[in-house]
Amino acid sequence: MRSRAVVLLSGGMDSCVCAALAAHDHDAAAVHISYGQRTEERERKSFLAICDALGIHDRLVIRNEIFRAIGGSALTDPNIAVPESHTLGRQIPVTYVPFRNAHFLAAGVSWAEVLGAEKVYIGAVEQDSSGYPDCRPAYYEAYNNVVRAGTKEGRIQVVTPLIAMRKHEIARLGLELGAPFHLTWSCYSREDSACGVCDSCVLRLRAFREAGADDPIPYAEMARV
Ligand SMILES: [Zn+2]
């Protein structure tokens, strides 16, 4: 019997590659969390389509109400605009959702404990990302200590196979694995076609360009990246 693993799958390009890796090595189960983000319907659609494409049958779609209730992020608060990407500087951008990944990981670890899975995959990326503090390696080391101390057998491990990769390397790896990029959604602000100018779109477009590949999803406009 194949080992089990849980993968957090938002529906974006990084989590899609992460899910392809998890499904390659394990009998994977995928969890998707809607949290009142602007593009939640589109992301959920991507999640389901990616699961179909990767043959992931065990799926958990859950709703987290806290982020919409507290606001404080451009992704969940309609009063804070999603900025166009200008600089990937030192400041944490307004698209940061406060301590979000801890909530997502908690859901993944809880489910892993029920399923008897020993790994929880998350497609966090440190470099070439928006500079969110919950994408840093030190955060995952610390989180794993919490998981060891707070689960029945203490054997579940959160794994971050993409964390040290450059974004164009992730694009290339995904192409090698046959990851269904055409089904993914990364845009922070639009659901019909990707905006092409938010941080997430700009990073993604740059990644595909540097990988020498075409991004298969439609864009409303192309930022000069
Ligand atoms: Zn966008």
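This section reports on the structure supplied with the text.

What counts as what
- Sequence order sets the numbering: in each chain, residues are counted from 1 along the sequence as written.
- Local features in this predicted model are restricted to residues of pLDDT 70 or higher, and side-chain atom pairs are both shown and tallied only at a pLDDT of 80 or more, whereas totals for entire chains, interfaces and linings draw on every residue.
- The basis for every side-chain value is the complete set of heavy atoms in the structure, and neither hydrogens nor water enter the calculation.
- The term nonpolar core refers to a set of buried residues drawn from Ala, Val, Leu, Ile, Met, Phe, Trp, Tyr and Cys, joined through side-chain atoms within 4.5 Å.
- Residue burial is assigned from relative accessible area. The probe radius is 1.4 Å, only protein chains are included, and a residue is buried under 20% of its type maximum, exposed over 50%, and partly exposed in between.
- Only DSSP runs of H or I with at least four residues qualify as helices, and only runs of E with at least two residues qualify as strands; both kinds are numbered from the N terminus onward.
- In what follows, a contact means two residues having at least one pair of non-hydrogen atoms within 4.5 Å.
- Stacked, tilted and edge-to-face pairs are distinguished by plane angle, under 30 degrees for stacked and over 60 for edge-to-face with tilted covering the rest, among Phe, Tyr and Trp rings (Trp via its six-membered ring) whose centres lie within 6.5 Å.

## A word on the nonpolar core
In this structure, Leu 105, Tyr 140, Tyr 143 and Val 158 are the most contacted members of the largest nonpolar core, which totals 43 residues. Looking at this core, the elements with two or more residues in it are strand S1 (4-8), strand S2 (27-34), helix H4 (100-115), helix H5 (137-150) and helix H7 (199-210). By residue number, the principal contributor to this core is H4, which donates seven residues. When neighbours within four sequence positions are excluded, Tyr 143 is seen to be in contact with Ala 102, Leu 105, Ala 106, Val 109 and Val 158. The next biggest cluster of nonpolar side chains, apart from the first, holds 32 residues, and it includes Ala 5, Ile 50, Ile 56 and Met 165.

## Digging into the packing of aromatic side chains
Inspection of every chain in the model, using the stated rule, returns eight aromatic pairs. With a centroid separation of 5.9 Å and an interplanar angle of 85°, the aromatic rings of Tyr 35 and Phe 67 are classed as edge-to-face. Taken as a pair, Tyr 35 in the loop between S2 and helix H2 (40-54) and Phe 67 in helix H3 (residues 66-70) lie far apart in primary sequence, 32 residues in all. What makes Phe 67 buried here is its relative accessible area of 1%. With a centroid separation of 6.0 Å and an interplanar angle of 50°, the aromatic rings of Tyr 139 and Tyr 143 are classed as tilted. Residue Tyr 139 and its partner Tyr 143 are both found in helix H5; the two are separated by four residues, about one turn of the helix. Using a relative accessible area of 14% as the deciding quantity, one classes Tyr 139 as buried. These aromatic residues form a ring-pair network of at least three members: Phe 99, Tyr 139, Tyr 140 and Tyr 143.

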